[in-house]
Amino acid sequence: MTSVIAPVRWTGERLVLLDQTLLPGRELEREYTRWEDVAEAIRALVVRGAPAIGVAAAFGVALAARQSAASTGEALLADLETAIKGLASTRPTAVNLFWALERMRGVAAGLSQGSVAQARTRLAAEAEAILAEDVAANRALGDHGAVLVPSGARILTHCNAGALATAGYGTALGIVRSAHAQGKVALLWVDETRPVMQGSRLTAWECVREGIPHRVIADVVAASVMARGQVDLVVTGADRIAANGDTANKIGTYALAVLAKHHGVPFYVAAPCSTIDPSIASGAEIVIEERDAAEVRRIGPQQTAPEASPVYNPAFDVTPAELIAAIVTERGVFRPPYRF
Ligand code: MRU
């Protein structure tokens, strides 16, 4: 592997995903040539994180164009529509998935007059553009957000909103990266993020690679470190931001925002504009994914709850805009009332 973390890569013929279910124990890249397998990879969290899901799905559509045996534009469009619907059914909360698929659908629709070969090339180019734009957006928002980080900052983050969750660099962790490059980060508290452990498995792995000073904490420790005055700011990513600033993110984010408010700690959200969903007025309209009970009943092979115990496993929660000090995007730092 190169030193740059690339969770989603395109070889020109195949999609390559770094299997995030195996980290931090194993760095394994998997190759994909069929959109159906990409959809399964998204479902199974081989690739995860709102922007990364969108990028992978876009390449899924490009693969569908390569798989299709269609000889006319119309037949190709029908095949692509099947793939777009299949990819859209994988995970309901991250709007980047639907945003990227809509963009691919628009490109496909505009190509109906050209040859099938041209369409294949154009769709792959669009997916590559979505990937490149995401990296650029993250770098820009990282620099905007670094301005909010004081010197010697002790930052707390939740889940993984790093390079792994995006096309590269990261959103919340992008801000930490930029601030770290400026010498301002004293410590990053990394919530382990039950039940799937994206914090301890993935964010901590990125911090080790990049030399970012960090300490992993069990989620239940966040209140205690805030009460001791050991957190200067909280920054998380987002899966979907409503027009009023209400933000869906990894389960546990809302609890952190309440804690931050109680302790007078600023709570920031970092996301590219592709995570903003202007079509919904508030977070009440966000569909929250519920995942398999096994994620809660086990940690790896270890049983942590009886198999017979019923489980409630929402993957995300919604943080009301009133608890968010600012939302950082590639277009700058937005404060309430939001006019994105
Ligand atoms: O279930 P996941 O791992 O896909 O959830 C990811 C998150 O909630 C991230 O914080 C969010 O997508 C932002 S990623 C830049």
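What comes next concerns the included structure.

## Some details on the environment of Ile212
- Residue position: Ile212 is located in the loop between helix H7 (198–210) and strand E6 (214–217).
- Separated by 152 residues in sequence, Ile212 and Gly60 have C-alpha atoms that sit 33 Å apart.
- If near-sequence neighbours (up to four positions away) are discounted, Ile212 is found in contact with Val176, Arg177, His180, Leu188 and Cys207.

## Quick notes on the sheet that holds strand E8 (residues 240–242)
- Sheet architecture is open: 4 strands sit in the order E11-E8-E9-E14, paired in mixed fashion. Edge positions in the open sheet fall to strand E11 (276–277) and strand E14 (316–319), since each of these has one partner strand only.
- Strand direction decides the pairing type here: E8 and E11, joined by 2 bridges, are parallel. Paired with Ala242 across the strands is Asp277, a residue of E11.

## Side note on the nonpolar core
- Judged by nonpolar contacts, the single largest core of 44 residues is most densely connected at Val8, Leu15 and Leu17.
- Within the residue set of this core, elements represented by two or more residues are strand E1 (8–10), strand E2 (15–18), helix H1 (35–43), helix H2 (50–67), helix H3 (73–88), helix H4 (95–110) and helix H5 (116–146).
- A per-element tally of this core places H2 first, with 12 residues.
- When near neighbours in sequence (up to four residues on either side) are disregarded, Leu17 contacts Pro7, Val8, Leu28, Glu29, Arg30, Tyr32, Ala41, Val46, Val47 and Ala56.

What counts and how
Residues numbered from 1 in each chain as written. Predicted model: local features only at pLDDT ≥ 70, side-chain atom pairs only at ≥ 80, totals over all residues. Heavy atoms only, no water. Helix = DSSP H or I, 4+ residues; strand = E, 2+ residues; numbered from the N terminus. Contact = heavy atoms within 4.5 Å. Pairing = 2+ DSSP bridges. Core = buried A, V, L, I, M, F, W, Y, C linked by side-chain atoms within 4.5 Å. Buried < 20%, exposed > 50% of the residue type's maximum accessible area, 1.4 Å probe, protein only.

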